[in-house]
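Structural features, examined
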Amino acid sequence: MDEEYDVIVLGTGLTECILSGLLSVEGKKVLHMDRNDYYGGDSASLNLTQLFRKFRDNKEAPAELGRDRDYAVDLVPKFIIANGELTKILVHTDVTRYLEFKQIAGSFVFRDGKISKVPSTEMEAVKSPLMGLFEKRRAKKFFEFLQGWKDEDPTTHQGLDLDKDSMKAVYEKFGLEPGTQDFIGHAMALYLDDDYITKPARPTYDRIILYTTSMARYGKSPYIYPLYGLGELPQSFARLSAIYGGTYMLDKPIQKIVTDASGKFVGVTSNGETVKAKQVIGDPSYFLKSDDGKIRVIEEGKVVRAICILKHPIPETDNSDSCQIIIPQNQVGRQHDIYIAMVSATHNVCAKDVYIAIVSTVVETSVPEKEILPGLNLLGPIHEKFVSITDLYTPTSSGEADNIFITRSYDATSHFETVVDDVQDVWKRVVGTPLVLKKREVEVQE
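If you're wondering where the values come from, they're calculated on a predicted model, not measured in any experiment. Chains are numbered independently. Their residues run from 1 in the order of the written sequence. It should be noted that, the model being predicted, local features are given only for residues of pLDDT at least 70 and side-chain atom pairs only at 80 or more, the latter also being counted only at that level, while totals for whole chains, interfaces and linings use all residues. Excluding hydrogens and water, the side-chain figures rest on all heavy atoms present in the structure.

With respect to the overall build of the protein
Rule in force here: Runs of E in the DSSP output that reach at least two residues are strands. Runs of H or I that reach at least four are helices, and both are numbered from the N terminus. Both definitions apply: the radius of gyration is a C-alpha atom measure, and the globule rule equals 2.2 Å times residues to the power 0.38. Contact criterion: two residues are considered in contact whenever any of their non-hydrogen atoms come within 4.5 Å of each other.
A count of helices and strands for the protein gives 12 helices and 19 strands. In summary, the protein has a C-alpha radius of gyration of 23 Å against a globular reference of 22 Å for 446 residues, a match within 12%. Here the analysis covers contacts within the protein between residues at least 6 apart in sequence; of these, 71% occur between residues at least 24 apart.

Here's what the structure looks like:
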């Protein structure tokens, strides 16, 4: 292979596929390789055979679960926030033409031992068991304050400065109870832990506004989800890349990341052939060992996930065909929240009358499976369960010195905002300028 590329991308996870799609649109010559014979890497969606092969060592899937091809089970459960950054990228790149989305029916929170719906309308808020009458009034004032905030109009600030005052100060100003703070911080601002409370309130304000505007967009919940599973997302960006001349090679074992005498990236060796490029972008799994002895990624924690096949909707969720349930850490004496994401045949990801629920959290002890019990206990009888514990890796350097740019592992959050943060971060390091989404000017011949 004598051809030289601008960028080689390793791994077909969503982060890598978005980057290769955007770089191809930008006119870069991109070669995209993956050791797997399917798209999606860690963020793939598997059929029944692949699922049992991965978790049960080639054990056959039971016949009563239905046809193999009816299944697309996500390895990493995440929903798309309707007004979030990923939606903007999807719309902007026109990748939406390859995808169909369905709304997630409801967003719930676990509080005081039971599941309650996160209110999506004024009526639901009035009836919600999440707060007593007086607390509802205080919360109403708090939300009116957020909705009415205008940076340039001090009369809307009520003496608060979002860039200086902590979120704690904002909560205290409106006299909100700890339980309400929990629900706002974890079920709406979608924080994994309570670190945010002592920090300036601006990011939390932005997150709550994102949640409420996304909620208003479709009414039932702020989340949407692609038909046929999340594995459709990386494939759609791969298609975008291909339209703009990107080359894809699946099932390619990567033997070596080649660097020159000064440690700079030169190329990638696969099946004995070396392909040259100016830069490489890849997921952390391709950089765990290096031939030059450099440590390029470090582990910063683990996530435990249980994929559960159910024959019924999750109890106490109004028979929803899909939902998210957040168990705030305080409710179960933990440091991190537990997330439950459920989808069903409505989303073309499993057979009729089957439901896929995935429970996940950040590992805090030496017995990870015990940590997700509060989530598993909410599911009712579990037909099949597949548990995985994944290392979370983060790069040790920016990559600018050696032209080796490494993405981060998928965290335990239940949405894609952190993935897009990583895309923007890597883009800036690779290209040297912030990511600005440009409209696709021309209809390229597909």
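A closer look at the sheet that holds strand β15 (residues 323–327)
Put simply, the rule is: A pair of strands is treated as paired once DSSP finds two or more bridges between them. Here the axes come from fitting lines to C-alpha atoms, over the contacting stretch only for helices, and the angles between their N-to-C directions go from 0 to 180 degrees.
Taken in spatial order, the seven strands line up as β8-β7-β15-β16-β17-β14-β18 in an open sheet, and their pairing is mixed. Among the strands making up the open sheet, the edge pair consists of β8 (114–117) and β18 (384–395). For this sheet, the mean inter-axis angle between neighbouring strands, taken without regard to orientation, is 25 degrees. Pairing geometry for strand β7 (residues 106–111) and β15, over four bridges, is parallel. Among the inter-strand pairings, serine 107 is bridged to a residue of β15, identified as glutamine 324. Sheet contacts for helix α7 (residues 178–188): β7 and β15; angle to β7, the most-contacted strand, approximately 140 degrees.

Structural notes on the environment of valine 423
Looking at where valine 423 falls in the secondary structure, it is placed in helix α12 (residues 417–431). Distance from valine 423 to leucine 435, taken between C-alpha atoms, is 8.7 Å for residues 12 residues apart in sequence. Ignoring anything within four residues of it in the chain, the contact list for valine 423 reads Thr15, Ile18, Leu19, Leu22 and Leu435.

What to know about the sheet that holds strand β5 (residues 80–81)
An order of β5-β9-β6 is seen for the three strands of this open sheet, with the pairing classed as antiparallel. Since the sheet does not close on itself, it has two edges, and those belong to β5 and β6 (101–103), each with one partner. Inspection of the sheet shows β5 paired to strand β9 (residues 223–226) by two bridges, in the antiparallel sense. Within β9, the residue paired with isoleucine 81 across the bridge is tyrosine 223.

Quick look at the pattern of salt bridges
This is how the line gets drawn: Whenever a carboxyl oxygen of Asp or Glu lies within 4 Å of a side-chain nitrogen of Lys or Arg, that contact is scored as a salt bridge. Exposed residues in this analysis have more than 50% of their type's maximum accessible area, buried residues have under 20%, and partly exposed residues fall in between, with area computed by a 1.4 Å probe over protein chains only.
Tallied over the entire structure, the rule returns 23 salt bridges. With its nearest N and O atoms 3.0 Å apart, the salt bridge here joins glutamate 144 to lysine 140. On the criterion of helical spacing, the pair formed by glutamate 144 and lysine 140 is a turn pair, its members being four residues apart in helix α5 (residues 133–148). Note on glutamate 144: relative accessible area 46%, which makes it partly exposed.

A look at the packing of aromatic side chains
The cut-off we apply is this: Working definition: a ring pair exists when centres of Phe, Tyr or Trp rings (six-membered ring for Trp) sit within 6.5 Å. Plane angles under 30 degrees give stacked, over 60 give edge-to-face, the rest tilted. Two conditions define a charge sitting above a ring: the NZ of Lys or the CZ of Arg must be within 6 Å of the ring centre, and it must be within 35 degrees of the ring normal.
Per the counting criterion, the structure on display carries 14 aromatic pairs. On the numbers, 5.6 Å between centres and 45 degrees between planes, the contact of phenylalanine 55 with phenylalanine 386 is tilted. Residue phenylalanine 55 is found in helix α2 (residues 48–56), and its partner phenylalanine 386 is found in strand β18; the two are separated by 331 residues along the sequence. Given a relative accessible area of 1%, phenylalanine 386 falls into the buried group. Judged by centre distance (6.4 Å) and plane angle (55 degrees), the ring pair of tryptophan 149 and tyrosine 205 falls under tilted. Residue tryptophan 149 is located in the loop between α5 and α6 (167–173), and its partner tyrosine 205 is located in helix α8 (residues 202–218); the two are separated by 56 residues in the primary sequence. As far as burial versus exposure is concerned, tryptophan 149 and tyrosine 205 are alike and both buried. The structure contains a cluster of three or more aromatic residues connected by ring pairs, namely Phe142, Phe143, Phe145, Trp149, Tyr171, Phe174, Tyr191, Tyr196 and Tyr205. Positioned above the aromatic ring of tyrosine 5 is the side chain of lysine 29, whose terminal nitrogen or guanidinium carbon lies 5.2 Å from the ring centre. Above the ring of phenylalanine 55, the side-chain terminus of lysine 54 is found at 6.0 Å from the ring centroid.

With respect to α5
Keep this limit in mind: For a helix, the expected span equals 1.5 Å multiplied by the residue count minus one.
With 16 residues, α5 extends 23 Å from end C-alpha to end C-alpha; this agrees with the ideal 22 Å at 1.5 Å per step. Among the residues making up α5, those that are buried are Glu135, Lys136, Ala139, Phe142, Phe145 and Leu146.

Points about the domain arrangement of the protein
Often, the extent of an interface is quoted as the loss of accessible area upon association of its parts. To keep it simple, the criterion reads: Bear in mind that the domain bounds are from an automatic or database domain assignment. The term buried area refers to how much accessible surface (probe radius 1.4 Å) is lost by two components on association, counted for both of them together. Whenever two N or O atoms come within 3.5 Å, that pair is a polar contact, provided that in protein one can donate a hydrogen and the other can accept it, and provided that, for residues adjacent in sequence, both atoms are side-chain atoms. Only Asp, Glu, Lys and Arg are considered charged in this grouping, and only Ala, Val, Leu, Ile, Met, Phe, Trp, Tyr, Cys and Pro are considered nonpolar; every other residue, Gly among them, is considered polar.
Each assigned domain of the protein is listed here: domain 1 (1–44 + 79–105 + 222–229 + 231–296 + 396–446), domain 2 (110–218) and domain 3 (300–391). Computed over C-alpha atoms, the centres of domain 1 and domain 2 are 35 Å apart. Opposite the 13 residues of domain 1 that make contact, domain 2 presents nine residues. Contact between domain 1 and domain 2 buries roughly 1000 Å² in total, counting both sides, with carbon and sulfur atoms accounting for 66%. Here domain 1 and domain 2 share zero salt bridges between them. For the pair domain 1 and domain 2, the number of links is four residue pairs in polar contact (both at pLDDT 80 or more). A class-by-class count of the residues in the side of domain 1 that touches domain 2 yields six nonpolar, six polar and one charged.

A word on the side chain of glutamine 324
Here glutamine 324 shows up in strand β15. A polar contact of 2.8 Å, which involves the side chain of glutamine 324, links it to the side chain of tyrosine 223. If near-sequence neighbours (up to four positions away) are discounted, glutamine 324 is found in contact with Phe79, Ile104, Gly106, Ser107, Phe108, Leu190, Tyr223, Ile340 and Ser414.

A short note on the side chain of threonine 204
With respect to the secondary-structure elements, threonine 204 resides in helix α8. For threonine 204, a relative accessible area of 0% gives the class buried.

What about helix α3 (residues 85–92)?
Put simply, the rule is: The arc under discussion is defined with respect to the helix axis, by the directions toward the C-beta atoms.
Among the residues of α3, Leu86, Thr87, Ile89 and Leu90 are the ones counted as buried. Within α3, the buried residues cover an arc of 160 degrees as seen down the axis, which keeps them to one side. On its buried side, α3 packs onto α1 (14–25), β5, β6, α8, α9 (232–243) and α12. Phi turns positive, to about 70 degrees, at aspartate 94, one or two residues after α3.

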